[in-house]
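# Architecture at a glance
Listed below, chain by chain, are the residues.
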2 protein chains.
Amino acid sequence: MHISVIGAGGMLGAKLIARLRKEGKLAGKAISAITRYDAVIPPPPPASTFPINTFVGDLSAPGEAEKLIASKPDVIFHLAAIVSGEAEKDFEKGYRINLDATRILFEIIRKSGGGYKPKVVFTSSIAVFGAPFPEAIGDEFFTTPLTSYGTQKAIDELLLNDYSRRGFFDGVALRMPTVCVRPGKPNLAASGFFSNIIREPLSGKPANLPVNDDVRHWHVSPRGAIQFLVQAAEIDTAKLGARRTLTLPGLSCTVAEQIEALRKVAGNDVVKLISREPDETVARIVSGWPRNFDPQRALSLGFKAEKSFEDIIRVHMEDELGVR
Amino acid sequence: MHISVIGAGGMLGAKLIARLRKEGKLAGKAISAITRYDAVIPPPPPASTFPINTFVGDLSAPGEAEKLIASKPDVIFHLAAIVSGEAEKDFEKGYRINLDATRILFEIIRKSGGGYKPKVVFTSSIAVFGAPFPEAIGDEFFTTPLTSYGTQKAIDELLLNDYSRRGFFDGVALRMPTVCVRPGKPNLAASGFFSNIIREPLSGKPANLPVNDDVRHWHVSPRGAIQFLVQAAEIDTAKLGARRTLTLPGLSCTVAEQIEALRKVAGNDVVKLISREPDETVARIVSGWPRNFDPQRALSLGFKAEKSFEDIIRVHMEDELGVR
């Protein structure tokens, strides 16, 4: 079982590799090698019982996808993307990285021939949905993205479905909830504050809330997101038929509920580190985002998210801060 | 008012130009010129009070879209496509013509600068939907195409929405019902038989029905389709907001009802010209197609289709066979 992870330098990529390394198997098969790919050099691979190879490059550049597919990995996790804020600021870069690179990857797999048909697990996003929408978005609701990022992800989903239907590979696209609490430094994602207001105060640092605290959103912990990726790689795709895109479960809660959970878990002094300086650009982008889902299909397939935001904070404290 | 028609050599393109030539205006403004563009040479332009220019080329080839946009048309009708059967047979050609050429056109408009912001009317298709679906598909139902053609059209819709949202042009995408009765010779579209079984017998020729006669489908006459295009060019897009794709009204009827209408209008001897040799490929493709819609949004915007299949046959007899 040879596994490739595109976007291996990102937060989810690193966590996925750590879990695969620890378990040593996927879908009941021993892992023989992992290939890491990213545009930036990831930290050195951790010690493992199998080789972990690293390629650094831009998947949208000529010859890059060929390099990655030459070793014919059995499972490809494609997690790489330019985040929403950046794709909105830089139109061409967003389309190049979030659409063209994905399509090139799919094309190289299609053209590789010799009966090669890998499993492809692709991270899409709830940003494929745009307001107005119902209180809870069902599995058959239409995609009307209000960002270029959401547009690019929706197009990738369509391509993945068509390439899978035609038998070029065996794909699954996952509409990830916003991953919260994101560890590390703030990134350019407009959704960053959902994590910032928890992570920074827990480390004794200030954080700004740029929107009203009645903003409702849809979350999963990093640990839960990795579990989704592994389950998607192990799923019997015959159960999916021609509909290879899954809206995943998450926890729907308001920013006020996030802050209350933080107060319960970490106390009032920690909560006081949150400032409230509005940012109209962020508020406008977020107002078009979905707040709640009814993901019956993924639930029936066994995907599960956290039940409370306190649980999400505890996962962060356990996995990132070493609190047991 | 300078108008460009991409796919001007096709059936809808030719009929659209004939109507524009006859009326001499669009959206209340006098037409100063029409530019026709297609991959094959259309018949010579009819006499008109304004110039009708013709470009022959492949829109997906370098420099072609630039040539078309250089004259900065005010309205662009983009009707060009490889039909569903051909896009399913030739994967690369389908993506090149139905996706890449459209994206190139959008890109050239975006890059043209100088405040140029044309109206773009794009013909999408009900093939963006794939079974299973409800008895009547509503305006918020998700797109799960079961053909590469439907995938390409769904992607084009997403691009048109994003480019319009970002202000690069003012787009409207129309999900056309199957246009019936198509005049002329049979083409490679899997939907061709819906027209063949009416048009050919009416001209004293045999025609084959490759599916069961309980197959239900969604139709509009060519005259009705042209009316949709003109209305879309004239619509105030502020009414559409960020959702620039419209599922259009049509007539839902079974093949049996089509044949009964033909019997009423043209008699039993004409109906006897229909043979019934099943074609499994066509039957499989058609079984994934939608049968009926509830297009509230387009209806509320004033779009209308025929109310009976007899009306659709009469439009054919009037417009194509000169029967009054």
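If you're wondering where the values come from, they're calculated on a predicted model, not measured in any experiment. (Residues numbered from 1 in each chain as written. Chains lettered and ligands numbered in written order. Predicted model: local features only at pLDDT ≥ 70, side-chain atom pairs only at ≥ 80, totals over all residues.)

## Focus: the domain arrangement of chain A
In many reports, interface size means the accessible area that the parts give up when they come together. Residues and elements named next belong to chain A. Each assigned domain of chain A is listed here: domain 1 (2-177 + 220-247) and domain 2 (192-217 + 251-292 + 306-319). Spacing between the C-alpha centres of domain 1 and domain 2 amounts to 27 Å. Tallying the contact residues gives 17 residues for domain 1 and eleven residues for domain 2. It is helix α7 (residues 222-234) that contributes the most residues to the side of domain 1 that touches domain 2, three residues altogether. (Domains from an automatic or database assignment. Contact = placed C-beta atoms within 7 Å. Helix = DSSP H or I, 4+ residues; strand = E, 2+ residues; numbered from the N terminus.)

## Remarks on the sheet that holds strand β14 (residues 251-254) of chain A
Two modes of strand pairing occur in sheets, parallel and antiparallel, and in both the strands are linked by backbone hydrogen bonds. Residue and element names in this part refer to chain A. The mixed open sheet is built from three strands, whose spatial order is β10-β12-β14. Edge positions in the open sheet fall to β10 (178-179) and β14, since each of these has one partner strand only. Note: strand β12 (residues 216-220) against β14, four bridges, orientation antiparallel. Bridge pairing links R216 to T254 in β14. (Pairing = 2+ DSSP bridges.)

## A closer look at helix α6 (residues 192-202) of chain B
Residue and element names in this part refer to chain B. Buried residues dominate α6, accounting for eleven of its eleven residues. G192, F193, F194, S195, N196, I197, I198, R199, E200, P201 and L202 are the residues of α6 that are buried. Trailing α6 by a residue or two, G204 shows a phi angle of about 80°, which is positive. (Buried ≥ 20, exposed ≤ 12 C-beta atoms within 10 Å, placed from the backbone.)

## A short note on helix α4 (residues 91-112) of chain B
An α-helical turn contains 3.6 residues, so a residue and the one three or four places further along point in the same direction. Residue and element names in this part refer to chain B. With 22 residues, α4 extends 31 Å between its outermost C-alpha atoms, agreeing within 8% with the 32 Å of an ideal straight helix rising 1.5 Å per residue. The largest bend along α4 measures about 30° and falls at D100. Turning to α4, the residues buried within the fold contact α2 (64-69), β6 (75-78), α3 (84-89) and α5 (148-165). A positive phi of about 65° marks G113, the residue just after α4. (Expected span 1.5 Å × (residues − 1). Bend = angle between axes of the 7 residues up to and from the residue.)

## Some thoughts on the relation of the copies chain A and chain B
There are two copies of the chain, and a rotation about an axis plus a shift along that axis relates them. Relative to chain B, chain A is turned by 180° and slid 0.0 Å along the rotation axis, the superposed coordinates differing by an RMSD of 0.0 Å. Such a turn and shift between the copies fits a two-fold axis. It is F142 of chain A whose C-alpha, among those of chain A, lies nearest the rotation axis, at 2.0 Å. Interface overlap between copies is the fraction of interface residues in one copy that are interface residues in the other; for chain A against chain B it reaches 100%, indicating a shared surface. (Least-squares fit on C-alpha atoms with pLDDT ≥ 70 in both.)

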